[in-house]
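So you can see what is in the structure, the chains are spelled out below.
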Amino acid sequence: MPIITHFRDSARNAIASLRMRLGLRTRLRRALKPLEIPLKRTLEWLLLVRWRLSHRRWGYPLPVGGYVNEDELRLQFRNALGYLQQKLGPEGIGDYIEFGVYGGSSLLLMYDELLRAELSHVRLFGFDSFAGLPSDSDGHWQEGAFYADYDRVVQSLNRRNVDWRRVTLIKGFFADTLTSALIAKHNLRQASLIMMDCDLYSSAKEALEFCGPLIRSEAIIFFDDWNPLARENKGEKRAFDEFLQATPDLEAEAIGDYSWQPGDLHGKVFRVYRASS
Ligand SMILES: C[S@@+](CC[C@H](N)C(=O)[O-])C[C@H]1O[C@@H](n2cnc3c(N)ncnc32)[C@H](O)[C@@H]1O
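Residues numbered from 1 in each chain as written. Predicted model: local features only at pLDDT ≥ 70, side-chain atom pairs only at ≥ 80, totals over all residues.

Draft legend 1. Inspection of the sheet that holds strand 3 (residues 167-171) at higher detail. Spatially, 3-2-1-4-5-7-6 is the arrangement adopted by the 7 strands of the open sheet, whose pairing is mixed. A strand with exactly one partner marks an edge of an open sheet, and here the two such strands are strand 3 and strand 6 (250-258). On average, each strand axis in the sheet is inclined to that of its neighbour by 15 degrees, with strand direction left out of account. Here strand 5 (residues 218-223) runs beside strand 7 (residues 267-274); their pairing, made up of 6 bridges, is antiparallel. Residue pairing for strand 7: Ile221 is matched across the bridge by Phe270. Lying over the sheet, helix 4 (residues 105-116) contacts strand 1 (95-99), strand 2 (124-128), strand 3 and strand 4 (191-196), oriented at roughly 175 degrees with respect to strand 2. (Pairing = 2+ DSSP bridges. Helix = DSSP H or I, 4+ residues; strand = E, 2+ residues; numbered from the N terminus. Axes fitted to C-alpha atoms, helices over the stretch in contact; angles between N-to-C directions. Contact = placed C-beta atoms within 7 Å.)

So, in structure tokens, the structure goes:
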């Protein structure tokens, strides 16, 4: 065989083999796509188990990734900001208040979305024990779960260049921190965006009671842990139903859902508004 033909055939073979490999890889990636989130979570859990075994400690070392599905939540945040901007005007939007910060994923997501929407005057407040969940009378959650060390969360937000003039983290259990003194200290007047990511009925109840007077004409509330407990009328849904019953001039309209794993509709979003306004 002439040498030129030999080179040409080798080059053709190499290209064909590369194509086949790339094709296989694309097909494999497509086949695995639905498993992406479960795989990510499984890896996180494996890391967590390894950490727990080596440190002999219950709870979470520090955020091993957030406990929110960022893509879906981002969309809900974006929709909410667009809606509020139209309804209240940029200057009419009050604070973002988050109950359940853990490693700060959802807080950072809102921080980014506010910048993107040119709403950087909106302040962000994050409440968390930074000691994990309190005890749960319903028995669904492990006390101390979602432990995140306050200093390490601050460090991680620093790495993201968070502007601390706009962000305030309030450390402690809600029963101790959600006070009128805190309202006065931070001049809290209006909550327009409320993120309820504290898992428990009792925590959500405390948080909603605190927010009631801060909801002016309307606000958007994100319940990150709505399902599956809502299907049994428990958890955050129970707290929200009781809150609405106790505040008859507030009406609620469901405006969105989001999932942690495809289709689980873990999170639910409501627009709440004063019937009189
Ligand atoms: C699921 S994690 C929050 C996830 C977080 N939003 C994220 O983006 O990763 C729930 C958090 O709620 C906090 N929490 C729940 N009930 C609380 C309470 N009564 N007081 C203070 N923190 C509470 C826990 O400490 C925990 O960090």
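Draft legend 2. Representation of the packing of helix 3 (residues 70-88) against helix 4. Close contact between helix 3 and helix 4 brings their axes to 10 Å; oriented N to C, the two are set at 45 degrees. In terms of orientation, helix 3 and helix 4 fall into the oblique class. Crossing geometry of helix 3 relative to helix 4 is assigned as right-handed. Listed contacts from helix 4 to Glu70, Leu73, Arg74, Phe77, Arg78 and Leu81 of helix 3 are Ser105, Ser106, Leu109, Met110 and Glu113. (Parallel < 35°, antiparallel > 145°, perpendicular 65-115°, else oblique. Left-handed = near helix turned anticlockwise from the far one by under 90°.)

Draft legend 3. Inspection of the site of the ligand at higher detail. Lining the immediate surroundings of the ligand are 23 residues, of which Gly100, Tyr102, Ser105, Ser106 and Ser203 lie closest. In terms of residue class, the shell around the ligand is made up of 12 nonpolar, 8 polar and 3 charged. (Near = placed C-beta within 6 Å. Nonpolar A, V, L, I, M, F, W, Y, C, P; charged D, E, K, R; others polar.)

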